[in-house]
Amino acid sequence: MSVTVEANAPPIDLTALSPESIITFPHGLVGQPEWKRFVLITSDEDGGLAVLQSVDNDQLSLMVTDPVQLLPEYVVELSSADRTLLGLDSEQQPLLLTTVSIHGEQITTNLIGPLVINPRTRAAKQVVLADTLYTTRYPVASVGSGK
Amino acid sequence: VLVLTRKTEQTLHLGDDIRVTILGIEGDRVKLGIEAPRSVCVLRHELYLQVQAANADAGAPRTDMQTIAAAIRDRQQSDTGATTLA
């Protein structure tokens, strides 16, 4: 589903992408209804960091990571309505990604609003976990300290 | 903004599928009962704003992607006990 690039590769040609690689959020992201179509760009040397690049706006890309790598116990309870929207039956496991941002030296990820993707159809939704102890700024690493 | 006055135990309809009932009022706190289809996402506004802000932060234009990837790699290596070169 993802497009792999080499480090320092030139920007990918968004017009040359196959439709099969496009992840679609029918309703956009929370508070960003126009953020609908992305392609997932991964590389082998990214430390688990990947990029969701907008297909419609080449200036828009989101850093994302796999939250389960970070917190093995991380789970997202999907409602039956969400499963229907995503075309997931009760057996199918979705792909989970969480957005990454940087605040000063702290790199954080948003565990409250995971991106849930059907790996087969690439239909996606940002789910908001209303009643959890997670945070929108879960610390991932620090820049500069070397740790 | 439409402003309506309701008493405790009175209800509002939002379209055909959503009902909001005033369950109780204590001081400056109002307890609401919301009946809506499962497909309707009901969120406290503060939480909505937090997630919206996190999305905007993650989408902010930046050139420091490689720095961030390196920091995460270093962290992972130190977690697994591997040696990192300073």
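As shown above, the structure is provided for reference.
Notes on the structure in this doc start here. Source: prediction; values computed, not measured. Numbering of residues starts from 1 in every chain and runs along the sequence as written. Ligands are numbered from 1 and chains lettered from A, in the order in which they are written. Totals for whole chains, interfaces and linings use every residue, but because this is a predicted model, local features are given only for residues with pLDDT of at least 70 and side-chain atom pairs only at 80 or more, for both listing and counting. With hydrogens and water excluded, all non-hydrogen atoms of the structure serve as input to the side-chain values.

As for helix α1 (residues 45-58) of chain B
Residues and elements named next belong to chain B. Our working rule: A run of DSSP states H or I qualifies as a helix once it reaches four residues; a run of E qualifies as a strand once it reaches two. Both are numbered from the N-terminal end. Multiplying 1.5 Å by the residue count of a helix minus one yields the expected span of that helix. Note on exposure labels: buried denotes an accessible area under 20% of the residue type's maximum, exposed denotes more than 50%, and partly exposed covers the range between, all computed with a 1.4 Å probe on protein chains only. It is the directions from the helix axis to the C-beta atoms whose arc is reported.
Given a rise of 1.5 Å per residue, 14 residues ought to cover 20 Å, and the 20 Å separating the end C-alpha atoms of α1 matches this to within 8%. If you check which residues of α1 are buried, you get Leu 47, Val 51, Ala 54, Asn 55 and Ala 58. Relative to the axis of α1, the buried residues are bounded by an arc of 100° and lie together on one face. Exposed residues lying more than 90 degrees from the buried face of α1 are His 45 and Glu 46.

Things to note about the sheet that holds strand β1 (residues 11-14) of chain B
Residue and element names in this part refer to chain B. The condition that has to hold: Paired strands, in this sense, are two strands between which DSSP finds at least two bridges. Between the N-to-C directions of two axes lies an angle of 0 to 180 degrees, each axis being a line fitted to C-alpha atoms and, for a helix, fitted only over the stretch in contact.
Read from one edge of the open sheet, three strands run β1-β2-β3, paired in antiparallel fashion. The open sheet has two free edges, formed respectively by β1 and β3 (29-35), since each of these has just one partner strand. Within this sheet the neighbouring strands show an average axis-to-axis angle of 25°, counted without direction. Note: strand β2 (residues 18-26) against β3, seven bridges, orientation antiparallel. Its bridge partner lying in β3, Arg 19 is registered against Glu 35.

Structural measurements only, silent on function.
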